[in-house]
Structure formats: structure tokens, C-alpha cells
Amino acid sequence: VASSRKPFISFVLGGPGSGKGTQCEKIASIFSFAHLSAGELLREEMSSPSENGELIRNVIKEGKIVPSAITISLIKRAINSATSDKILIDGFPRSEENRIAFEKIIGVEPDLVIFFECPEEEMVKRILGRNLGRIDDNMETIRKRLKVFEDLNMPVVEHYSSKGKVHKITATGTVDEIFERVRQVFASLRPKLCLEH
Ligand code: AP5
């Protein structure tokens, strides 16, 4: 992180195709956050010649989740080299195990959790329409990703809900309509974040 101030960390959670990446890009540009996507970090590592590349490829292809130690070391590195002390971590933690390991290894809890709530049929429609050739964007893997989301990721949302940290956003409608809901959450945090916008 550029400064020595404790970073402001926001986890961004939601099912596959709920629009996490799309909305994070807008938040990052308008509110000057660094955007770290767990999925992107893993895809970069997957295509590098690292020893973990093949393992990551197999896990992603199966729609499962990559071992915490690998994901957290990538996130830690990205946090340390982020150019802002306001950080969005998109698509992480994926499970209670991820969450507990993050809090232990990084030593902080998130200041905020954004949760995008979206009906399954809408998420499936968006992923199938993406057409970018991701190895996990096929119906068989999408079903597994949805199940992993329900079984492993929802308990993380429930944990942070019980701590009053979750802002639930209805993730249907146009990208701009959804962003307006997100913008209101971040605008309300302005005093805390000393935002310029
Ligand atoms: P990851 O890359 O995080 O994928 P995901 O969670 O499945 O989510 P997506 O990237 O598919 O969707 P998104 O919610 O970001 O939506 P997007 O904005 O792209 O993870 C992939 C895999 O990596 C996992 O399955 C797992 O194997 C592994 N992994 C990741 N994190 C991990 C972790 N922490 N631990 C272990 N393993 C991990 O939008 C989707 C599409 O919809 C786009 O085409 C977009 O243009 C479109 N769209 C967005 N909003 C709208 C809208 N409002 N209306 C219409 N279209 C829209």
C-alpha cells in the first residue's frame, strides 16, 4: 500500500455473474479504490509458468475453490503493491476457511462488505452472454459454481451480516441502475473515507 495508513478494505461478494467485476471497475474509477479481483489474480497466476498454474487451472475448470494459501498469498502481494489505501477485494473470501485464514494472515477484518444479490437465472444468462471463452463459462461448470456459492460463500455473507458489515445491493436492472445503489453506499461513507467525490 502506498501510504503507511491502515488500508480501508471492502470485500465485494455475490454469485458468479452477479456483476461484481463490472461494478468494482466503476467504484474504483469514481471513488479511487484499488480493485483486486481474486479470480483475475488466479487467472494471471494460471497462465504464468508458476508451479501452481496447473493446479489452479484444474480447480477453476471444476468450478471449485483454490486452496486458501495460494489465494491469500496472491492477495497479500496485491495489497502490498496497491496504489491506493482504499481497496476493493472482489470475489473473496469464497468460504469460511478463506475468511478465517485472511483475518489470521493479513491481521485485519474488512471495514465493509458489499453483497450483490441476483436471481440465479439472471446470473446464468449474463455469464452465457459474456462469450469471452473463460474455461469456467460453460453450463456444467456454472452449475457447480452456483452450488459452491450457496454452500461455501453464503456462510461468509451471513457471518459479516451478523457483525453489521454487509450492505446488500439488489443486482438486477441496468449496470447504471445498480451502480446508483452502490454509489449511495460509498457516498454515505465519504466522511470515513475522506473521499474527494
Ligand atoms: P471469479 O473470476 O471471481 O468469477 P465469479 O465469482 O464466478 O464471477 P464472474 O467473474 O463470473 O462474475 P462477476 O460477478 O464478476 O460478474 P461480471 O461483472 O463479470 O472466479 C472464477 C473462479 O476462480 C472461481 O469459480 C474459483 O474457481 C476461482 N476463485 C476465485 N476466487 C477465489 C477464491 N477466493 N478462492 C479460491 N478460488 C477462487 O458480469 C458478468 C457478465 O454480465 C459480464 O459479461 C457483464 O458485462 C454482464 N453484466 C454485468 N452487469 C450486468 C447488468 N446489470 N445487466 C446485464 N449484463 C450485466
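For the structure itself, look to the data block above.
Below is a short write-up of the structure.

Criteria and thresholds
Residues numbered from 1 in each chain as written. Predicted model: local features only at pLDDT ≥ 70, side-chain atom pairs only at ≥ 80, totals over all residues. Helix = DSSP H or I, 4+ residues; strand = E, 2+ residues; numbered from the N terminus. Expected span 1.5 Å × (residues − 1). Buried ≥ 20, exposed ≤ 12 C-beta atoms within 10 Å, placed from the backbone. Arc of directions from axis to C-beta. Contact = placed C-beta atoms within 7 Å. Axes fitted to C-alpha atoms, helices over the stretch in contact; angles between N-to-C directions. Parallel < 35°, antiparallel > 145°, perpendicular 65-115°, else oblique. Nonpolar A, V, L, I, M, F, W, Y, C, P; charged D, E, K, R; others polar.

## A look at helix α4 (residues 68-80)
Point 1. Counted at 1.5 Å a residue, the expected span for α4 with its 13 residues is 18 Å, and the 18 Å between its end C-alpha atoms agrees.
Point 2. Turning to α4, its buried residues are Ser68, Thr71, Leu74 and Ile75. Angular distribution of buried residues about the axis of α4 spans 140°; they occupy a single face of the element. For α4, exposure combined with an orientation more than 90 degrees from the buried face picks out Ala69, Arg77 and Asn80.
Point 3. Each element contacted by the buried residues of α4 is listed here: β2 (34-37), α2 (38-47), β3 (86-90) and α5 (96-106).

## Topic: the packing of α2 against α4
Point 1. For the pair α2 and α4, interaxial distance at closest approach is 10 Å and the crossing angle is 105°. In terms of orientation, α2 and α4 fall into the roughly perpendicular class. Contact residues: Ala38, Leu41, Leu42 and Glu45 in α2; Thr71, Leu74, Ile75 and Ala78 in α4.
Point 2. Of the residues contributing to the contact of α2 with α4, the split by class is six nonpolar, one polar and one charged.

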